[in-house]
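So you can see what is in the structure, the chains are spelled out below.
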Amino acid sequence: CAAYLRHEIWPFIGSMLIRKELLEKEKLLFLERCISAEDIHFVARVLFSSSRIASVDRVLVHHLERPRSLVSHSALASRRPGDAYGAYKSLYRFLEDRGASPVLLQHLERQQIANALSNILSMFVLTEREGSFYELLEHPETRRILQSSLSRIFKKPKIAFGPLNFFGIQGFVRYY
């Protein structure tokens, strides 16, 4: 699971065989009404819950990309940027409830959850929803996650980001 979340291995749903007993025992299902990151949420939970995993060093599956899939039509996912955030938060709770290491939880929060929050904030800027942008940015959990994520890169994020201005997106940049 940790290797998957660090992008060191790349299993995808179509390349996996999963025992039905595992799915039933752990109650592993896809998130309903989620169109972004639902596969990552599912695969990570399967990997974390599995006591044994095997791989075959041969190509046995060829991926077919559908014309209206999220992979080829990212505009579908951009209409609901909160889906990825919800999927990652749900995964965090799942892993925390099952005793995942603090290092894995910290990585998930500082990478995937922080990235999902940044995508939501970017969508608010791009769609000129300034009120929603500042409301989310001022939320204590958002501030904690983003500051924790930024502190990995910059020792003093407020100073490091102060003078930057990307494509007129001054609010987020100036804030940090």
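Preceding this section is the structure that the text describes.
The following paragraphs examine the structure supplied in this document.

Basis of the calculations
- Residues numbered from 1 in each chain as written.
- Predicted model: local features only at pLDDT ≥ 70, side-chain atom pairs only at ≥ 80, totals over all residues.
- Heavy atoms only, no water.
- Salt bridge = Lys/Arg side-chain N within 4 Å of Asp/Glu carboxyl O.
- Helix = DSSP H or I, 4+ residues; strand = E, 2+ residues; numbered from the N terminus.
- Buried < 20%, exposed > 50% of the residue type's maximum accessible area, 1.4 Å probe, protein only.
- Patch = residues over 30% accessible without salt bridge, like charges linked within 9 Å, V, L, I, M, F, W, Y side chains within 5 Å.
- Areas by Shrake-Rupley, 256 points an atom, 1.4 Å probe, with all protein chains shown as cover.
- Expected span 1.5 Å × (residues − 1).
- Bend = angle between axes of the 7 residues up to and from the residue.
- Axes fitted to C-alpha atoms, helices over the stretch in contact; angles between N-to-C directions.
- Parallel < 35°, antiparallel > 145°, perpendicular 65-115°, else oblique.
- Left-handed = near helix turned anticlockwise from the far one by under 90°.
- Contact = heavy atoms within 4.5 Å.
- Nonpolar A, V, L, I, M, F, W, Y, C, P; charged D, E, K, R; others polar.

1. Considering the pattern of salt bridges
One pass over the structure, following the stated rule, counts eight salt bridges. Note that Glu26 is salt-bridged to Arg98, the shortest N-O span being 3.7 Å. Of the two residues, Glu26 is situated in helix H2 (residues 20-26) and Arg98 in the loop between helix H5 (82-97) and helix H6 (102-126); the sequence distance between them amounts to 72 residues. Note on Arg98: relative accessible area 39%, which makes it partly exposed. Among the salt bridges present, the one from Arg144 reaches Glu109, with a minimum N-O distance of 2.8 Å. Placement of Arg144 in helix H8 (residues 140-153) and of Glu109 in helix H6 is noted, with a sequence separation of 35 residues between them. The class for Glu109 is buried, based on a relative accessible area of 11%. Shared partners join several salt bridges into a network, and the residues in it are Lys25, Glu26 and Arg98.

2. Some remarks on a nonpolar patch on the surface
Where nonpolar side chains cluster on the molecular surface, the patch consists of Phe12, Val56, Leu60 and Val61 and spans about 360 Å² of accessible area. With respect to the helices and strands, the residue Phe12 is situated in the loop between helix H1 (2-5) and H2.

3. Comments concerning H6
The terminal C-alpha atoms of H6 lie 35 Å apart, and with 25 residues this matches the ideal 36 Å at 1.5 Å per residue to within 8%. Maximum bend of H6: about 30 degrees, positioned at Glu109. Among the residues trailing H6, Glu128 stands out with phi positive, at a value near 55 degrees.

4. Notes on the packing of H5 against H6
Between H5 and H6, the least distance of the axes is 8 Å, while the angle of their chain directions is 165 degrees. One finds that H5 runs roughly antiparallel with respect to H6. Relative to H6, H5 is oriented so that their crossing is left-handed. When H5 is examined against H6, the residues Gly82, Ala84, Tyr85, Tyr88, Lys89, Leu91, Tyr92, Leu95 and Glu96 are found in contact with a partner set consisting of Leu104, Leu105, Leu108, Glu109, Gln112, Ile113, Ala116, Leu117 and Ile120. Of the residues belonging to the contact of H5 with H6, the class tally is 13 nonpolar, two polar and three charged.

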